[in-house]
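Listed here are the chains, written in short residue letters.
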Amino acid sequence: MGYSKSHEFCSDSSIGLKSLAIDSRYQVKGIGAQFMKVLPKYLSENYADNAFIYLTVNCKNHGTINCYKKAGFEDTAKLYLGGLVGPQHIMRRK
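Read on for an overview of the structure. Values in this document were obtained by computation on a predicted structure and should not be read as measured data.

Cut-off values and rules
Residues numbered from 1 in each chain as written. Predicted model: local features only at pLDDT ≥ 70, side-chain atom pairs only at ≥ 80, totals over all residues. Heavy atoms only, no water. Helix = DSSP H or I, 4+ residues; strand = E, 2+ residues; numbered from the N terminus. Expected span 1.5 Å × (residues − 1). Bend = angle between axes of the 7 residues up to and from the residue. Buried < 20%, exposed > 50% of the residue type's maximum accessible area, 1.4 Å probe, protein only. Contact = heavy atoms within 4.5 Å. Arc of directions from axis to C-beta. Core = buried A, V, L, I, M, F, W, Y, C linked by side-chain atoms within 4.5 Å. Phe/Tyr/Trp six-rings, centres within 6.5 Å; stacked < 30°, edge-to-face > 60°. Lys NZ or Arg CZ within 6 Å of the ring centre and 35° of its normal.

### Side note on helix 2 (residues 31-46)
Here helix 2 spans 22 Å end to end across 16 residues, near enough to the 22 Å set by a 1.5 Å rise per residue. At Val38, helix 2 is deflected by roughly 30 degrees, the largest bend along its length, and proline Pro40 occurs up to four residues later in sequence. Listed as buried for helix 2 are Gly32, Met36, Leu39 and Leu43. In this fold, the buried residues of helix 2 make contact with strand 1 (15-16), strand 2 (53-58) and helix 3 (62-70).

Following this line, the structure appears as structure tokens:
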């Protein structure tokens, strides 16, 4: 809920997904895609007053970028440069 306090691109009326980690033994098995399918329903039931959900993803992480896009996230065409592992795409979903 406090994502907007540390990420100026996120409005006060939005929330952020700070972290999503899947153990390397379970990656590329569809778990992330399954999570992204249930996330919108959970958010609409629990955070309906928020305009968007924001997240950032490393520019080199093409698989995850595609996963987010398939889940309805849009690339804002802006970069977040405050990440520890290089530039990140700023993505959001209504």
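### Some thoughts on helix 3
Considered for burial, the residues of helix 3 that qualify are Ile65, Cys67 and Tyr68. In an axial view of helix 3, the angular spread of the buried residues amounts to 160 degrees, which keeps them on one side of the axis. Exposed side of helix 3, more than 90 degrees from the buried face: His62, Gly63 and Lys70 are the residues found there. Downstream of helix 3 by a residue or two, Gly72 has a phi angle that is positive, lying close to 100 degrees.

### Overview of the nonpolar core
In this structure, Met36, Ile53, Leu55, Tyr68, Phe73 and Met91 are the most contacted members of the largest nonpolar core, which totals 14 residues. Secondary-structure elements contributing two or more residues to this core are helix 2, strand 2 and helix 3. Contacts of Ile53, omitting those with residues within four sequence positions, involve Ile15, Gly16, Leu17, Leu39, Leu43, Phe73, Met91, Arg92 and Arg93. Formed by 6 residues, the second largest nonpolar core is a distinct cluster that contains Cys10, Phe52, Tyr54 and Ile90.

### Structural notes on the environment of Lys29
Looking at the secondary structure, you find Lys29 in the loop between strand 1 and helix 2. In this structure, the C-alpha to C-alpha distance between Lys29 and Ser13, residues 16 residues apart in sequence, is 34 Å.

### Details of the packing of aromatic side chains
Applying the stated criterion across every chain, the model contains 6 aromatic pairs. With centroids separated by 6.1 Å and ring planes inclined at 75 degrees, the aromatic side chains of Tyr3 and Phe9 adopt a geometry described as edge-to-face. Relative to Tyr54, the ring of Phe52 lies with its centre 6.0 Å away and its plane at 55 degrees, an arrangement referred to as tilted. As far as the burial class goes, Phe52 and Tyr54 line up, both buried. Members of the aromatic cluster, each reached through a chain of ring pairs, are Tyr3, Phe9, Phe52, Tyr54 and Tyr80. Here the basic side chain of Arg92 rests over the ring of Phe52, its NZ or CZ set 4.2 Å away from the ring centre.

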